[in-house]
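# Understanding the architecture of this molecule
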Amino acid sequence: MKVSTLLTIFTALVSYSSALPIEKRETEYNSSLPLVKIYGTGGTIASRGSSASQTSGYSLGLTVEDLIESVPTLQDVANLEYLQVSNVGSGSINDTILLDLAHNIQADLDEGKVGGAVVTHGTDSLEETSFFLELTVKTESPVVIVGAMRPATATSADGPMNLYQAVSVAGSELSKGRGSLVVFNDRIGSGFYSTKSSANSLDTFKSLEQGYLGFFFNNDIEYYYPPARPNGYHYFNVTESTELPMVDIIYAHQSMDPALIYAAAESGVKGIVTAGMGAGSITAPARDALNDVYEKYGVITVQSRRMQEGKVPERTNNFIGSGYLNPQKARIMLQLCLNEGLNLNQTKDVFSAVYGG
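As the structure is a computational prediction, the values presented were derived from the model and not from experiment.

### Some remarks on the confidence of the model for the protein
- Per-residue confidence for the protein averages 92 on the pLDDT scale, and 92% of its residues sit at or above 70.
- Residue range residues 1-27 is modelled with pLDDT below 50. Its contacts to residues more than four positions away, or to other chains, number 30 contacts.

Shown next as structure tokens:
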């Protein structure tokens, strides 16, 4: 059968499944299975290409309901509810969407009916959302973040199996008490440490130093360790928050121009994270500028590293070391500290739990 014919059939099926009422799943409720709620945000997992071989340049076109309907075996592992929070590429996820997501998940889990949550998400900023939810959703229930590196129309699309595994993990008693989890390519990682390591590979989400938490094999969820939160876990209550303080990341390099630092401070940012060279180093002019904007504007600086792995240790004076957090995760931690009104020394204490400060 021609590829064009297959795509026509696929499009027709998607159009049909999108029209199915939510009541269809409610009539098939299985009391022996957990209830898992899926929160759709968009991303590659919800995208379509123009051919079965296209793996870049595709566009969004599927809803979370479409994703559920495309994996019929989900009904074998959980009863499902869903909510479309957004439908954007993950580069467009912002603080408003993050807060909306956290508020909805917290409310649903607090109600006690939902046993676990799954967030379908684009991979580009998936690690930021998983880290944010780790710190802002207070629960022992599993919160699983999942995505895909290939669009739904691609040959050997990875989204359906990733989603099946994510729902299985979210509905499992074994997953409780582990914080947010990233389920991808058969592996279960900590949302606190998992990071996207490759722009293209299916096996992209890794935490090299900290390792994976478990593995998914032939419908078996196998964890390597008992449930535990990572060192550095700190809960931030955002239930009443409608916005977050602005924090920018500035990339360090040779001949770094401090003008970017002043421009950020003058634009109203409350914090700056530097993606430093080596273990967080920056140029002397940049260091002077960061000290200056702290004295003039109260802008707090966290020093991280542009390397994939490693630690930025405790800093002195007006600077904070990010410990084992990369720049994008350090940015979220700093945002949440500032949102709680923590001062420099209090923020240092929070980062010290991840061996920074």
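### Quick look at the environment of leucine 133
- Take leucine 133: it is sitting in helix α5 (residues 126-136).
- Spatially, the C-alpha atom of leucine 133 lies 24 Å from that of leucine 62, the residues being 71 residues apart in sequence.

### Notes on the sheet that holds strand β14 (residues 271-276)
- An order of β13-β14-β15-β16 is seen for the 4 strands of this open sheet, with the pairing classed as parallel. Both edges of this open sheet fall to β13 (247-251) and β16 (319-321), since each of them pairs with a single strand only. Strand-to-strand twist across the sheet, computed as the mean angle between neighbouring axes with direction ignored, equals 25°.
- Here β14 runs beside strand β15 (residues 300-305); their pairing, made up of 6 bridges, is parallel. Looking at β15, one finds that glycine 276 is bridged to arginine 305.
- Packed on one face of the sheet, helix α7 (residues 259-266) meets β13 and β14 and runs near 175° to β13.
- Strands β13, β14 and β15 of the sheet are contacted by helix α9 (residues 327-339), whose axis makes an angle of about 160° with β14.

### Some remarks on α9
- Across its 13 residues, α9 extends 18 Å between first and last C-alpha, which sits within 8% of the 18 Å expected from 1.5 Å per residue.
- Most of α9 is tucked away: 11 of the 13 residues are buried.
- All buried positions along α9 are accounted for by Pro327, Lys329, Ala330, Arg331, Ile332, Met333, Leu334, Gln335, Leu336, Cys337 and Leu338.
- In this structure, the buried residues of α9 make contact with α4 (95-111), α5, β13, β14, β15 and α10 (344-352).
- Looking one or two residues past α9, glycine 341 carries a phi angle of roughly 80°, positive in sign.

### Here we look at the packing of aromatic side chains
- A full pass over the atoms with the stated rule returns 6 aromatic pairs.
- Pairing tyrosine 164 with phenylalanine 216 gives two aromatic rings, centres 6.4 Å apart and planes at 80°, and the pair type is edge-to-face. Of the two residues, tyrosine 164 sits in helix α6 (residues 159-170) while phenylalanine 216 sits in strand β11 (residues 214-217), which places them 52 residues apart along the sequence.
- Its relative accessible area of 13% is what places tyrosine 164 among the buried residues.
- When the ring of tyrosine 324 is compared with that of tyrosine 355, the centres are 5.8 Å apart and the planes differ by 80°; the resulting orientation is edge-to-face. Of the two residues, tyrosine 324 sits in the loop between β16 and α9 while tyrosine 355 sits in the segment after α10, which places them 31 residues apart along the sequence.
- The exposure class assigned to tyrosine 324 is partly exposed, which follows from its relative accessible area of 29%.
- The ring of tyrosine 223 carries the charged tip of arginine 178 above its face, separated from the ring centre by 3.6 Å.
- The ring of tyrosine 233 carries the charged tip of arginine 229 above its face, separated from the ring centre by 4.4 Å.

### Brief notes about the UniProt feature "domain: Asparaginase/glutaminase C-terminal" (unreviewed entry) in the protein
- Mapped onto the present numbering, the UniProt feature "domain: Asparaginase/glutaminase C-terminal" (unreviewed entry) falls at residues 247-351.
- For residues 247-351, the helix share is 41%, the strand share is 19%, and the end-to-end C-alpha distance is 16 Å.

### Description of α4
- The end-to-end C-alpha separation of α4 is 24 Å, in line with the 24 Å expected for 17 residues at 1.5 Å each.
- Within α4, the full set of buried residues consists of Asp95, Ile97, Leu98, Leu99, Leu101, Ala102, Ile105, Gln106, Asp108 and Leu109.
- In this structure asparagine 94 caps α4, since a side-chain oxygen of it lies 3.2 Å from the backbone nitrogen of threonine 96.
- Following α4 by one or two positions, glycine 112 adopts a phi angle in the positive range, close to 90°.

### What about the domain arrangement of the protein?
- According to the domain assignment, the protein consists of domain 1 (35-223) and domain 2 (247-353).
- On a C-alpha basis, the centroid separation for the pair domain 1 and domain 2 is 30 Å.
- Each side of the interface is counted separately: domain 1 has 18 residues, and domain 2 has 12 residues.
- Of the roughly 1,300 Å² buried where domain 1 meets domain 2, counting both sides, 61% is carbon and sulfur surface.
- It is Glu128, Phe131 and Leu208 that lose the most area in domain 1 upon contact with domain 2, and together they represent 33% of the buried surface on that side.
- Scanning the region where domain 1 abuts domain 2 turns up 0 salt bridges.
- On the surface where domain 1 and domain 2 come into contact, there are 9 residue pairs in polar contact (both at pLDDT 80 or more).
- Take the side of domain 1 that touches domain 2: its biggest share by element is 7 residues, from α5.
- Looking at side-chain class alone, the side of domain 1 that touches domain 2 contains 6 nonpolar, 8 polar and 4 charged residues.

So, how was this worked out
Residues numbered from 1 in each chain as written. Predicted model: local features only at pLDDT ≥ 70, side-chain atom pairs only at ≥ 80, totals over all residues. Heavy atoms only, no water. pLDDT = per-residue confidence, 0-100. Contact = heavy atoms within 4.5 Å. Helix = DSSP H or I, 4+ residues; strand = E, 2+ residues; numbered from the N terminus. Pairing = 2+ DSSP bridges. Axes fitted to C-alpha atoms, helices over the stretch in contact; angles between N-to-C directions. Expected span 1.5 Å × (residues − 1). Buried < 20%, exposed > 50% of the residue type's maximum accessible area, 1.4 Å probe, protein only. Phe/Tyr/Trp six-rings, centres within 6.5 Å; stacked < 30°, edge-to-face > 60°. Lys NZ or Arg CZ within 6 Å of the ring centre and 35° of its normal. UniProt positions renumbered as here; feature names shortened; annotations may be inferred. Polar contact = N/O pair within 3.5 Å; in protein donor to acceptor, adjacent residues only side chain to side chain. Domains from an automatic or database assignment. Buried area = accessible area lost by both parts, 1.4 Å probe. Salt bridge = Lys/Arg side-chain N within 4 Å of Asp/Glu carboxyl O. Nonpolar A, V, L, I, M, F, W, Y, C, P; charged D, E, K, R; others polar.

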